[in-house]
Amino acid sequence: MSVVTKKGEQLKAELDDLLDEIDSVLEENAEEFVRNYVQKGGQ
Amino acid sequence: MAVAKILGIETEYGVAGGPDYDPTTASSIIVNAYAQQGRTRISWDFNDESPGTDARGIVGVGSLAPMIETHLANTVLTNGARLYVDHAHPEYSSPECRTPAEATLYDQAGEEIMRRALTVANETLPEEMSISLYKNNSDGKGNSYGTHENYLVARDVEFSDVVRAMVPHFVSRQVVVGAGKVGSETDVGQAADPAFQLSARAEFFEEVVGLETTLKRPIINTRDEPHSDAERFRRLHVICGDANMSPVATLVKIGSTALLLAALEDDGVRSFPSPPAAPVRAIRNFSFDPSLRVTVDDEDGRSRTAWDYQDELWQLAERYVQRYGGEAVASSDEVALILRQWREMLDGVRDHPLDVADRVDWVAKQRIVEGFQSRYDLRPRDAKLRAIDLQYHDVRRDKSLALRVGLAEVAGDEEIRDAVHRAPRSTRAYFRGECVTRFPDAIVSANWDSIVFDVGHGPLQRIPMMDPTRGTEELVGPLFETNLTAVALVAALNG
């Protein structure tokens, strides 16, 4: 068994692209999105 | 001798949206959506449930058994899992698995099941009522819900030894398997006011040992409900962990805990490090400190960081495997993988966090939170950063941030899709899953340790499954080949 992992350098180089992508999918009104997320407690 | 570590993970998902924003209604819609598109609507059987039974043998004053809502949606799936509504959350309880990699696979199958249920549910709802689901553990406002792990343990291990041996791991393993969290939300968390924590769940723990799971949550839960032969087994119900998005983190969380339990059974409690003198303070303070420098004193006055505890526990597990083999947990290949990943993640968080950002959830999350913070010059705990934290756990493929940060995989997509429908072959879940797949019309109800058949004549027939290591494909597979009807199967089992 094995797991294919990445090197830190590669991850570093990819961060800018990743942040661009996150920017494009992140809920637009963060304030409201976070405020409206209310749960009843569970176990 | 260590018993086979039969394993399972139960996850309560966070739920938003739905008619009138009512979480119980939304949860029911999710569970029913999945049940209705499947072949079966077999309900859960509560006959053998006793969540109020305490492993310490006494039930403390003020202990509350969890509420069981029998009128809510509650189904058994063909993969042997249970999908139901618990405490206003949809919950997926994985089938019993034989190894940590298998438990990880079925945890991911649970995510896929929730994703499919969500798609079906939202197709039937007007857009303004559309539902979203989050595989996380809190809402950022002080409300928490659980991701519980289950481990089969030999009954002859004293419960007090389980507590003494396992508390060091449960307070410190968040260093490698914490899911990370922006800010804090309990009184004690707000007093410490961390910008970022290792664990989503740690700040909610108030006791070391106890029966409760919703109030005054304990690091070690004493619910003694083995769902098996209580003379031989106990089921350790671990409630202090985070929901992991990283499959390697799930593998290491379950694998490390299972190896340490096996070491306890085979070698006793003496080889374990002394627990912190104040475990509740330890689990919180370790979580509040992503720099990993905070130390706590153990019962003998020795001071350690969470990293130090993990280092000692890794060595203990490694020595155990050298000496006894790890067959109680998994194949030698898989055990070697668990030990290697645990070690790499542990060294990584201290020396080169970026090298493990593809495996350690809190590092992956912190990386994008800090990246965003510096790109937009945001203050710590800004709403945008909290939104990233929440959306990291979004179940939807088009929204999930965890699916975008490059997390390493344990199982392939095809294997996960197969596990959505097929039970593990390696435990009694195989028998349950095959029965539900082949004879849905003849099954009245099912639960972890029995199935009730209506064979059309005479009384209902309960088939007990008190040993979770039996009912495997190897043992009962031939029965399904020769008995093609429920009547024949029940007759063969009774004969």
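Residues numbered from 1 in each chain as written. Chains lettered and ligands numbered in written order. Predicted model: local features only at pLDDT ≥ 70, side-chain atom pairs only at ≥ 80, totals over all residues. Heavy atoms only, no water.

K.L.:
Kindly report on the overall build of chain B, identifying the contributing residues and their values.
P.N.:
The helix and strand tally for chain B stands at 15 helices and 18 strands. Against the compact-globule benchmark of 23 Å for 495 residues, chain B has a radius of gyration of 22 Å, which places it among compact chains. In terms of principal-axis extent, the alpha carbons of chain B reach across some 70 × 55 × 45 Å. The 495 residues of chain B split such that 64% are buried. Partitioning the contacts of chain B with sequence separation of at least 6, the portion at a separation of at least 24 is 72%. Carbon and sulfur atoms make up 47% of the accessible area of chain B, which amounts to about 18,000 Å² in all. Here chain B carries 53 positive and 76 negative side-chain charges, and the mean point of each set is 2 Å from the other. (Helix = DSSP H or I, 4+ residues; strand = E, 2+ residues; numbered from the N terminus. Rg over C-alpha atoms; globule rule 2.2 N^0.38 Å. Buried < 20%, exposed > 50% of the residue type's maximum accessible area, 1.4 Å probe, protein only. Contact = heavy atoms within 4.5 Å. Areas by Shrake-Rupley, 256 points an atom, 1.4 Å probe, with all protein chains shown as cover. Lys, Arg positive; Asp, Glu negative; His and termini not counted. Charge placed at Lys NZ, Arg CZ, Asp CG, Glu CD.)

K.L.:
Go over the overall build of chain A with me, naming the residues and quoting the values.
P.N.:
Of regular secondary structure, chain A possesses two helices and zero strands. Within chain A, buried positions represent 37% of all 43 residues. Element-wise, carbon and sulfur atoms account for 45% of the exposed surface of chain A, whose accessible area totals about 2,800 Å². Both charge centroids of chain A, one from 5 positive and one from 11 negative side chains, sit 10 Å from each other.

K.L.:
Any chance you could break down the interface of chain A and chain B for me, citing the residues and the numbers?
P.N.:
Between chain A and chain B, the contact holds 35 residues from the first and 58 residues from the second. In this assembly, chain A packs against chain B so that about 4,000 Å² is buried in total across both faces, 59% of it on carbon and sulfur atoms. Looking only at chain A, the three residues that lose the most surface to chain B are Met1(A), Tyr37(A) and Gln43(A), adding up to 24% of its buried area. Applying the counting rule to chain A against chain B returns six salt bridges. Put simply, Glu27(A) and Lys399(B) hold a salt bridge, and the shortest N to O gap is 3.6 Å. Among the elements of the structure, α1 (8-25) and α2 (30-36) of chain A are those that each provide at least two residues to the side of chain A that touches chain B. Classifying every residue of the side of chain A that touches chain B by side-chain character gives 15 nonpolar, seven polar and 13 charged. (Buried area = accessible area lost by both parts, 1.4 Å probe. Salt bridge = Lys/Arg side-chain N within 4 Å of Asp/Glu carboxyl O. Nonpolar A, V, L, I, M, F, W, Y, C, P; charged D, E, K, R; others polar.)

K.L.:
So what's going on with the packing of helix α3 (residues 159-172) of chain B against helix α6 (residues 247-267) of chain B? Residues and values would help.
P.N.:
Residue and element names in this part refer to chain B. As a packed pair, α3 and α6 sit with axes 11 Å apart at the nearest point and diverge in direction by 150°. With respect to α6, the element α3 is oriented roughly antiparallel. Crossing hand, α3 versus α6: right-handed. Across the interface between the two elements, Asp161, Val162, Ala165, Met166, His169 and Phe170 from α3 touch Ser256, Thr257, Leu260, Leu261 and Leu264 from α6. (Axes fitted to C-alpha atoms, helices over the stretch in contact; angles between N-to-C directions. Parallel < 35°, antiparallel > 145°, perpendicular 65-115°, else oblique. Left-handed = near helix turned anticlockwise from the far one by under 90°.)

K.L.:
Quick one: what's the story with unusual backbone geometry, residue by residue and with numbers?
P.N.:
Residues and elements named next belong to chain B. Positive phi is not limited to glycine here, since Asp20 has a value of about 55°. Checked against the element boundaries, Asp20 lands in the loop between β2 (14-16) and α1 (23-37). One non-glycine residue with positive phi stands out, namely Lys216, at about 40°. When you line up the elements, Lys216 lands in the loop between β11 (205-210) and β12 (217-221). You can call Lys216 partly exposed: its relative accessible area is 46%.

K.L.:
Hey, could you go over the side chain of Ser27(B) for me, with residue numbers and the actual values?
P.N.:
Residues and elements named next belong to chain B. Relative to the helices and strands, Ser27 is located in helix α1. Using a relative accessible area of 0% as the deciding quantity, one classes Ser27 as buried. Setting aside anything within four residues of it in sequence, one finds Ser27 in contact with Val15, Val85, Ala88, His89 and Pro90.

K.L.:
Quick one: what's the story with the environment of Leu390(B), residue by residue and with numbers?
P.N.:
Considering the arrangement of structural elements, one finds Leu390(B) in helix α11 (residues 383-392). Given the relative accessible area of 7%, Leu390(B) is considered buried.

K.L.:
So what's going on with the packing of aromatic side chains? Which residues, and what values?
P.N.:
Under the definition given, this model contains six aromatic pairs over all chains. With a centroid separation of 5.0 Å and 70° between ring planes, the pair formed by Tyr37(A) and Tyr134(B) is classed as edge-to-face. Of this pair, Tyr37(A) sits in the segment after α2 while Tyr134(B) sits in strand β7 (residues 132-134), which puts the two residues in different chains. Judged by relative accessible area, Tyr134(B) falls into the buried class, the value being 1%. (Phe/Tyr/Trp six-rings, centres within 6.5 Å; stacked < 30°, edge-to-face > 60°.)

K.L.:
I'd love a proper account of helix α7 (residues 279-287) of chain B, names of residues and values included.
P.N.:
Judged by how many residues are buried, α7(B) sits mostly within the fold: seven of nine residues are covered. Turning to α7(B), its buried residues are Pro279(B), Val280(B), Ala282(B), Ile283(B), Arg284(B), Phe286(B) and Ser287(B).

K.L.:
Account for the domain arrangement of chain B, naming residues and giving values.
P.N.:
Residues and elements named next belong to chain B. Per the domain assignment, the segments making up chain B are domain 1 (7-416) and domain 2 (425-494). Here the C-alpha centre of domain 2 lies 31 Å away from the C-alpha centre of domain 1. Between domain 1 and domain 2, the contact holds 27 residues from the first and 23 residues from the second. Around 2,200 Å² of area is buried between domain 1 and domain 2 when both sides are counted, 56% of it from carbon and sulfur atoms. At the boundary of domain 1 with domain 2, the tally comes to three salt bridges. In this structure, Arg428 and Glu96 form a salt bridge, with 2.7 Å as the shortest nitrogen-oxygen distance. Across the domain 1-domain 2 interface, the total number found is eight residue pairs in polar contact (both at pLDDT 80 or more). Grouping the amino acids of the side of domain 1 that touches domain 2 by side-chain chemistry returns eight nonpolar, nine polar and 10 charged. (Domains from an automatic or database assignment. Polar contact = N/O pair within 3.5 Å; in protein donor to acceptor, adjacent residues only side chain to side chain.)

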